[in-house]
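Examination of the molecular architecture
Chain by chain, the residues:
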Amino acid sequence: MAAVEQELRARPELLKKLSSINSRRDAGMHSLGEIWRRNRISCPSREQLGSFLLGVLDDEMSEYVRFHLESVGCRLCYANLHDLKRRQAESDEAVVVR
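These numbers come from a predicted model, not from an experiment.

Cut-off values and rules
Along every chain, residues carry numbers that run from 1 in the direction the sequence is written. Whole-chain, interface and lining totals are the exception, using all residues; otherwise, since this is a predicted model, local features are given only for residues with pLDDT of at least 70 and side-chain atom pairs are given and counted only at 80 or more. Calculated side-chain values reflect all of the structure's heavy atoms, with hydrogen atoms and water omitted. Per-residue confidence from the predictor is reported as pLDDT, which spans 0 to 100. Helix and strand assignments follow DSSP, with helices taken as H or I runs no shorter than four residues and strands as E runs no shorter than two, numbered in order from the N terminus. Only buried residues count toward a nonpolar core. Its members are Ala, Val, Leu, Ile, Met, Phe, Trp, Tyr and Cys residues joined through side-chain atoms within 4.5 Å. Each residue gets one of three labels from its accessible area relative to the maximum for its type: buried under 20%, exposed over 50%, partly exposed in between, using a 1.4 Å probe on protein chains only. Whether two residues are in contact is decided by their heavy atoms, any of which lying within 4.5 Å being enough. Stacked, edge-to-face and tilted labels apply to pairs of Phe, Tyr and Trp rings (six-membered ring for Trp) whose centres lie within 6.5 Å, assigned for plane angles under 30 degrees, over 60, and everything in between, in that order.

**Structural notes on the confidence of the model for the chain**
One rule of thumb: low pLDDT means the predicted coordinates there are not for detailed reading. Summarising the model, the chain shows a mean pLDDT of 86, and 88% of its residues fall at 70 or more. Per-element confidence in the chain ranges from a low mean pLDDT of 75 for helix α3 (residues 32-39) to a high of 96 for helix α4 (residues 46-54).

See the structure below:
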């Protein structure tokens, strides 16, 4: 995002194009893809991501989560999964300390 912001500052034509895109979006010109992404319709829940991390999801859902993360490349779900992994590691450390 920092690189994108830097390019926007350096290239006024990009900033103008972004402004136009935002204006159309705010005026109600929505694409199906944009609505889908904004509402995260296909994203698994945090609970499902946690179950995926623990390996307790059924095969079909586990396959879907893997597809969503690896093929779709959902940044939000990947960040959520990364946070869950970090918290799991912290919990493991707390158990060792106890």
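And the narrative resumes.
**Describing the nonpolar core**
Of all hydrophobic cores here, the largest spans 10 residues; its members are Cys-43, Leu-49, Phe-52, Leu-57, Val-65, Leu-69, Cys-74, Cys-77, Leu-81 and Leu-84. Sorting the residues of this core by element identifies α4, α5 (59-72) and α6 (75-97) as the ones contributing at least two each. Among residues more than four places away in sequence, those in contact with Leu-49 are Pro-44, Val-65, Cys-77, Asn-80, Leu-81 and Leu-84.

**As for the environment of Glu-47**
In this fold, Glu-47 is placed in helix α4. On the basis of relative accessibility, which here comes to 67%, the residue Glu-47 falls in the exposed class. The sequence separation of Glu-47 and Leu-84 amounts to 37 residues, and the corresponding C-alpha distance is 9.8 Å.

**Side note on the packing of aromatic side chains**
With the rule as written, the count across this model stands at 1 aromatic pair. Relative to Phe-67, the ring of Tyr-64 lies with its centre 6.4 Å away and its plane at 45°, an arrangement referred to as tilted. Taken together, the residues Tyr-64 and Phe-67, both in helix α5 and 3 residues apart, mark about one turn of the helix. What makes Tyr-64 partly exposed here is its relative accessible area of 30%. The class for Phe-67 is partly exposed, based on a relative accessible area of 43%.

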